[in-house]
Amino acid sequence: MFLSKSTNICLILMIASAWVSAGRLSAQSDENSGELKDSERSSIMFDFNVKKLRNNKMMKDFDLKEVMKQQNIPENEDFDITKVNRISGGIQIPDDPAGFQPQPGEDLKSNFYVRIEFTDSGAANEMIDSFKKKEAKEHLVDGKTYYSPVGGDAPGNLRMHLATENTVEMGTQQYVFLKNRNVVSKSLAEKWKNLPSDAAIRLSIDVESNREVVNQMMEQAKAAGGPQAEPFLMLVDDLNALSLGIDFESDKMLMLRAVGNDSEGTEKLRSGMDGMLGMGKFAAMQGLSQAPMDEDSRKVFNEMLKSLKATAEGNTVQIDIMKPAGFDDTIAKMMGK
């Protein structure tokens, strides 16, 4: 339910990459935006180790560009995901969910910052040069050159620059002009520690700092989901923060960490999440019994499902998907490798 908010990360990345297609270069001097207020800091933090995912034995069986095509993620001719090593950054949750999607040409009401580390300097410069060839404005800040789109549908407060020889940084002016890139809230930075630093995918959301907008979203979800969805949506009332880690090379392939507001709320979260897991496991096992696969493969997936459970440590509910023996070989066999 709440993880669907992570789809806005893809939206923001697509908005950002759309500058390159925005289609005279003028100079303008801007002042650094200075330190952020607590209310202006990011409540969503993400880190995608694309290189690690790309080099993983299981992921090598997938054609990344083909997956993007199947998921209807538009491919930009000036942004080749296969030449990216890492994408990380932070997003501020707006007071109104509509702030994620401004009217064409309007400034984004929600700040964001994205750092893209490419495989080499050529790929990074290609992205910058491609944007410079089209209509853009040049901003000089502390001796650095930033670029923003001129006209068109792109928000006017977007900025892009070459941070290092192989790294492009982009985002809203207020974030990108910060010298220290300290855009996340203290609370979120603490929750980030719940995830291993070497995980291929990391995502953390600070729920409590955005309770008002979260409540608005939950009301909308209740109206759309009907009475049967309400018991699960009510769990968000006791949710302080949510973190997700994914790493196919680790014994723990998926790590979900839900922080409760207090001990009572944490127990409600654990019980509710364990109930959802139970229903999901039952449905998955029913499907496995009828799936066209050999017994060894079925055994591997059953082993993985049986290990699923929600446990609590302090005010944190933990759900881990463990990698069973033979998992990689099973996936390879299913992929015809």
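Refer to the preceding data block for the structure.
Residue indices begin from 1 for each chain and proceed along its sequence in written order. Given that this is a predicted model, residues contribute local features only at a pLDDT of at least 70 and side-chain atom pairs are listed and counted only at 80 or more, while totals for whole chains, interfaces and linings are drawn from all residues. Side-chain metrics rest on all non-hydrogen atoms present in the structure, leaving aside hydrogens and water.

Asks: Which residues make up the overall build of the protein chain, and what are the values?
Replies: By definition, any uninterrupted DSSP run of H or I lasting at least four residues is a helix, any uninterrupted run of E lasting at least two residues is a strand, and each is numbered from the N terminus. Along its length, the protein chain carries eleven helices and 13 strands. About 17100 Å² of surface is accessible on the protein chain, with carbon and sulfur atoms providing 50% of the total. Using the Shrake-Rupley algorithm and a 1.4 Å probe, accessible areas are obtained, with residue cover drawn only from the displayed protein chains.

Asks: Give a detailed account of the packing of aromatic side chains, specifying residues and quantitative values.
Replies: Ring pairs are drawn from Phe, Tyr and Trp, using the six-membered ring of Trp, whenever the two centres fall within 6.5 Å, and their geometry is named by plane angle: stacked under 30 degrees, edge-to-face over 60, tilted for the rest. Per the stated rule, a full pass over the model turns up two aromatic pairs. Here the aromatic rings of Tyr146 and Phe177 are separated by 4.8 Å at their centres, their planes lie at 65 degrees, and the arrangement is edge-to-face. Taken together, the residues span a long stretch of sequence, with Tyr146 in strand E6 (residues 144–149) and Phe177 in the loop between helix H5 (173–176) and helix H6 (186–192) at a distance of 31 residues. For the pair Tyr146 and Phe177, one class covers both residues: buried. Burial classes follow relative accessibility: with a 1.4 Å probe on protein chains only, a residue under 20% of its type's maximum area counts as buried, one over 50% as exposed, and anything between as partly exposed.

Asks: Pulling in residues and values, what's your account of the pattern of salt bridges?
Replies: We count a salt bridge whenever a side-chain nitrogen from Lys or Arg sits within 4 Å of a carboxyl oxygen from Asp or Glu. According to the stated counting rule, one finds eleven salt bridges in the structure shown. One salt bridge connects Arg115 with Glu117, and the closest N-O pair in it is separated by 3.7 Å. Its relative accessible area of 23% is what places Arg115 among the partly exposed residues. Owing to a relative accessible area of 25%, Glu117 belongs among the partly exposed residues under this scheme. Note that Arg257 and Asp320 form a salt bridge whose closest N and O atoms lie 2.8 Å from each other. Highlighted residues: Arg257 in strand E11 (residues 252–260) and Asp320 in strand E13 (residues 316–322), separated in sequence by 63 residues.

Asks: If you had to explain helix H4 (residues 121–132) to someone new, which residues and values would you point to?
Replies: In this scheme, a helix's expected span is set at 1.5 Å multiplied by one less than its residue total. For H4, with twelve residues, the first-to-last C-alpha span of 16 Å sits near the 16 Å given by 1.5 Å per residue. Along H4, the positions that sit buried rather than exposed are Ala123, Ala124, Met127, Ile128, Ser130 and Phe131. Seen from one end, H4 has its buried residues packed into an arc of 160 degrees, which puts them on one side. Contacts between residues were defined by any pair of non-hydrogen atoms, one from each residue, lying within 4.5 Å. On the buried face of H4, the contacting elements are strand E4 (112–118), strand E5 (136–141), E6, strand E7 (158–164) and strand E8 (167–172). Capping the start of H4 is the job of one residue whose side-chain oxygen sits 3.0 Å from the backbone nitrogen of Gly122: Asp120. Arc definition: it is the arc formed by the directions from the helix axis to the C-beta atoms. Any pair of N or O atoms that falls within 3.5 Å is considered a polar contact. Within protein, one atom must be able to donate a hydrogen and the other to accept it, and sequence-neighbouring residues count only if both atoms are side-chain atoms.

Asks: Report on unusual backbone geometry, specifying residues and quantitative values.
Replies: Here the phi dihedral of Asp142 falls at roughly 50 degrees; this positive angle occurs in a residue that is not glycine. With respect to the element layout, Asp142 can be found in the loop between E5 and E6.

Asks: Outline the nonpolar core, supporting the account with residue identities and numerical values.
Replies: The set of buried Ala, Val, Leu, Ile, Met, Phe, Trp, Tyr and Cys residues whose side-chain atoms join them within 4.5 Å is what this entry labels a nonpolar core. The biggest cluster of nonpolar side chains holds 51 residues, and the ones touching the most others in it are Ile87, Ile116, Phe118, Val168 and Met273. In terms of residue count, H4 provides more of this core than any other element does, five residues in total. If you look at the next biggest cluster of nonpolar residues, it comprises 13 residues, including Leu36, Val176, Val183 and Val184.

Asks: Explain the pairing of strand E10 (residues 239–246) residue by residue, including any values.
Replies: Among the eight residues of E10, eight are classified as buried, and the element is accordingly described as predominantly covered. Strands are labelled as partners when DSSP assigns at least two bridges between them. Relative to E10, strand E9 (residues 201–206) is paired through six bridges, and the arrangement is antiparallel. Residue Leu203 lies in a different strand from E10, and its bridge partner there is Leu244. Here seven bridges tie E10 to E11, and the two strands are oriented antiparallel to one another. Within E11, the position partnered with Gly245 by the bridge is Met255.

Asks: Describe the environment of Asp38, naming the residues involved and giving the relevant values.
Replies: The topology assignment puts Asp38 in the loop between strand E1 (25–29) and strand E2 (44–48). Its relative accessible area of 67% is what places Asp38 among the exposed residues. Once the C-alpha coordinates of Asp38 and Lys186 are considered, the two residues, 148 residues apart in sequence, prove to be 8.6 Å apart.

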